[in-house]
Amino acid sequence: MLNFTVSKVFTTRGGVHSTTRGTIRRVFVHEGKWLVFHAVPNMYHFSSDGVHWTGQRIQQFNSHSYLIRGNTIYSFAQISDPETGRLVNATFKGTICGEKITWGKPHRVPHLTLGYYPDLQQDSTGRFTVSGRVTRFDDDGRLVGITIEWARSLYPNDITRWGPQQQVIRHISDMKSSEVHENIPLEDGKSYLIGMLSVNGEGRLYGNLFDGEKWGAEEVLLAENMSTVRGTDKRMSGVWDPKAKVIHLSYVDHDGQLWYRTCKSPYRPQDWSKPVKLKPFKVFASVISLDTTKTPTHVWLLYGKTLFEHPDPRWQSGELYLMRFDGESWSEPVLVSEHGTKYNWYPNMNEDVSRGIGVLYLKGVPENQAAVKHTDFDIMFSSTGAPR
């Protein structure tokens with residue numbers, strides 16, 4: 001039986017997206033310490049035990065995505081362009097030493113417009129990839145909708161030079177709806193992109209495969225009856241098992257039902273398993289992670305059991321639970337959030353849990369949208385203790 005210890009990392013005023021959706025990882029293990037990131041304000045924190053925390057500000061703007069390789073950290077974020085004053089995409093490269101991150105100068109990438117919650121990854125050839133949301137306008141400057149797009153760096157281990165931006169989920173999402181994306185690197189330079197979006201008022205989940213050279217001509221419909229409400233985009237998460245060459249996907253539909261399915265190599269539409277409903281009650285969030293040191297790989301699924309039914313579905317919250325699939329069956333769930341609390345939401349978890357499990361989440365719910373900026377939220381951390 002796993003035992004979790006809960007601590008408070010920081011208190012944010014108005015930071016409802018501080019810990020963000022689970023597709024953008026905010027929890028890492030580095031040299032035997034926990035390293036977590038959050039927004040409002042933009043900060044990082046180290047802890048050797050998951051209880052006591054240091055904290056440093058980050059001079060980067062909103063929509064960060066982080067990737068750690070050894071003592072090197074990469075970031076895809078937004079900065080203010082000194083010439084125009086507008087926010088533009090930029091990449092950062094830094095060095096982690098002890099409990100401090102030293103960042104290099106930002107490198108602007110103005111031709112990429114993936115400005116909202118980018119998902120930065122590195123494929124098996126060493127080239128960086130990033131997906132993000134893009135607001136689209138027609139020739140007259142009128143809003144058309146939201147697209148999910150992707151780009152790849154031109155050279156391995158070079159985060160400064162990028163190829164063209166591509167719309168790989170070719171449907172256009174409705175304005176003021178819910179969009180989220182998962183950028184998953186595979187073997188042999190391949191990638192798989194999963195996008196949740198609202199098309200003509202219907203929530204759908206799509207996938208598409210990059211075979212190392214080109215994207216599929218048509219995306220695959222993975223699920224229907226997804227949420228169309230803006231802010232409910234904490235409902236989908238996907239990871240890839242490099243040992244078995246399997247994509248694991250969890251998602252929560254419009255009715256709050258939690259589903260799980262997999263896709264085996266070569267990742268064709270017919271390689272997706274049938275979806276399996278995991279819980280009989282309503283769920284508001286899911287995050288999926290792996291322990292590849294086990295044989296077969298263990299799948300860890302974090303979900304939020306809905307206990308607080310807010311009239312606005314964005315503010316639904318509840319208890320956070322974790323369960324494991326060992327290749328044959330799911331374990332009994334373990335409570336991750338504090339006992340007796342129901343205002344827990346926006347969970348985030350480290351993708352590789354082989355050295356310990358850490359869950360970053362938000363505690364506290366606003367009365368309404370107007371009260372968000374004046375509401376204090378606690379950024380909480382629940383873990384199995386000091387990372388191995």
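Read on for a plain summary of the structure. Keep in mind it's a predicted model, so treat the numbers as computed, not measured. (Residues numbered from 1 in each chain as written. Predicted model: local features only at pLDDT ≥ 70, side-chain atom pairs only at ≥ 80, totals over all residues. Heavy atoms only, no water.)

## Observations regarding the overall build of the chain
Phase 1: Along the backbone of the chain there are zero helices and 29 strands.
Phase 2: Along the first, second and third principal axes, the C-alpha atoms of the chain reach 55 × 45 × 45 Å.
Phase 3: A total of 388 residues make up the chain; the buried ones form 59% of that total.
Phase 4: Of the contacts made within the chain by residues no fewer than 6 positions apart, 54% connect residues no fewer than 24 positions apart.
Phase 5: For the chain, the accessible area works out to roughly 16200 Å², and carbon and sulfur atoms hold 49% of it.
Phase 6: Distance between charge centres in the chain, computed from 45 positive and 41 negative side chains, equals 3 Å. (Helix = DSSP H or I, 4+ residues; strand = E, 2+ residues; numbered from the N terminus. Buried < 20%, exposed > 50% of the residue type's maximum accessible area, 1.4 Å probe, protein only. Contact = heavy atoms within 4.5 Å. Areas by Shrake-Rupley, 256 points an atom, 1.4 Å probe, with all protein chains shown as cover. Lys, Arg positive; Asp, Glu negative; His and termini not counted. Charge placed at Lys NZ, Arg CZ, Asp CG, Glu CD.)

## Some remarks on the packing of aromatic side chains
Phase 1: Applying the stated criterion across every chain, the model contains 23 aromatic pairs.
Phase 2: Note on F37 and Y44: the rings are 6.2 Å apart at their centroids and 50° apart in plane angle, and the pair reads as tilted.
Phase 3: Ring centres of Y192 and W272 lie 5.9 Å apart, and the angle between their planes is 65°; on these two criteria the pair is classed as edge-to-face. Note that Y192 is positioned in strand 16 (residues 191-199) and W272 in the loop between strand 21 (258-264) and strand 22 (276-277), a separation of 80 residues in sequence.
Phase 4: By way of ring pairs, the aromatic residues F28, F37, Y44, F46, Y66, F92 and W103 are connected into one cluster.
Phase 5: Seen from the ring of Y117, R21 lies directly overhead, with NZ or CZ sitting 3.8 Å from the centre. (Phe/Tyr/Trp six-rings, centres within 6.5 Å; stacked < 30°, edge-to-face > 60°. Lys NZ or Arg CZ within 6 Å of the ring centre and 35° of its normal.)

## Concerning unusual backbone geometry
Phase 1: Note the cis peptide between V40 and P41, where omega equals -5°.
Phase 2: With respect to the helices, strands and loops of the structure, P41 is situated in the loop between strand 3 (33-38) and strand 4 (43-47).
Phase 3: Positive phi is not limited to glycine here, since N157 has a value of about 60°.
Phase 4: Tracing the sequence through the fold places N157 in the loop between strand 13 (143-152) and strand 14 (166-173).

## Looking at the pairing of strand 6 (residues 65-69)
Phase 1: When you tally the buried positions in strand 6, you get four out of five residues, the bulk of the element.
Phase 2: Pairing geometry for strand 6 and strand 7 (residues 72-80), over five bridges, is antiparallel. Each bridged residue has a counterpart across the sheet, and for L67 the counterpart in strand 7 is Y74.
Phase 3: Following strand 6, the chain reverses through two residues before pairing antiparallel with strand 7; G70 in that reversal takes a positive phi of roughly 65°. (Pairing = 2+ DSSP bridges.)

## Here we look at the side chain of S237
Phase 1: Mapped onto the elements, S237 comes out in strand 19 (residues 236-241).
Phase 2: Within polar-contact distance, the side chain of S237 engages the backbone nitrogen of I288 at 3.0 Å.
Phase 3: S237 has contacts with T23, R25, E182, H248, L249, S250, S286, V287 and I288, leaving out every residue within four places of it along the chain. (Polar contact = N/O pair within 3.5 Å; in protein donor to acceptor, adjacent residues only side chain to side chain.)

## Details of the pairing of strand 20 (residues 246-252)
Phase 1: Across the seven residues that make up strand 20, a large majority, seven, are buried.
Phase 2: Burial along strand 20 is two-sided: V246, H248, S250 and V252 facing one way and I247, L249 and Y251 facing the other are all buried.
Phase 3: Direction of pairing for strand 20 relative to strand 21: antiparallel, over a ladder of seven bridges. Each bridged residue has a counterpart across the sheet, and for S250 the counterpart in strand 21 is Y260.
Phase 4: In textbook terms, the turn of a hairpin is the stretch between consecutive antiparallel strands, and for strand 20 and strand 21 this stretch comprises five residues, one of which, G256, has a positive phi near 85°.

## A word on the pattern of salt bridges
Phase 1: Applying the stated criterion to the full structure yields 15 salt bridges.
Phase 2: One salt bridge in this structure joins R133 and E179, with 3.2 Å as the shortest N-O distance. You can see R133 sitting in strand 12 (residues 128-137) and its partner E179 sitting in the loop between strand 14 and strand 15 (180-185), a full 46 residues away along the chain. Each member of the pair R133 and E179 is classed as buried.
Phase 3: Notably, a salt bridge pairs E338 with K363, separated by 2.7 Å at the nearest N-O pair. Within this pair, whereas E338 is found in the loop between strand 26 (334-335) and strand 27 (344-349), its partner K363 is found in strand 28 (residues 358-363), the two being separated by 25 residues in sequence.
Phase 4: Look at E338 and you get partly exposed, because its relative accessible area is 26%.
Phase 5: One network of salt bridges, with partners in common, ties together D138, D140 and R142. (Salt bridge = Lys/Arg side-chain N within 4 Å of Asp/Glu carboxyl O.)

## A look at the sheet that holds strand 19
Phase 1: Reading across the sheet, the four strands line up as 19-20-21-22 and stay open at both edges, with antiparallel pairing between neighbours. The sheet is open, and its two borders are formed by strand 19 and strand 22, each paired with just one other strand.

## What to know about the sheet that holds strand 11 (residues 116-122)
Phase 1: If you walk across this open sheet you meet the four strands as 11-12-13-14, and the pairing is antiparallel. Each of the sheet's edge strands pairs with one partner strand only, and the pair in question is strand 11 and strand 14. Adjacent strand axes in the sheet meet at a mean angle of 20°, parallel and antiparallel pairs treated alike.
Phase 2: Sheet topology note: the strand 11/strand 12 ladder contains five bridges and is antiparallel. (Axes fitted to C-alpha atoms, helices over the stretch in contact; angles between N-to-C directions.)

## With respect to the side chain of S191
Phase 1: Looking at the element boundaries, S191 is found in strand 16.
Phase 2: Given the relative accessible area of 0%, S191 is considered buried.

In short, geometric facts, not functional conclusions.
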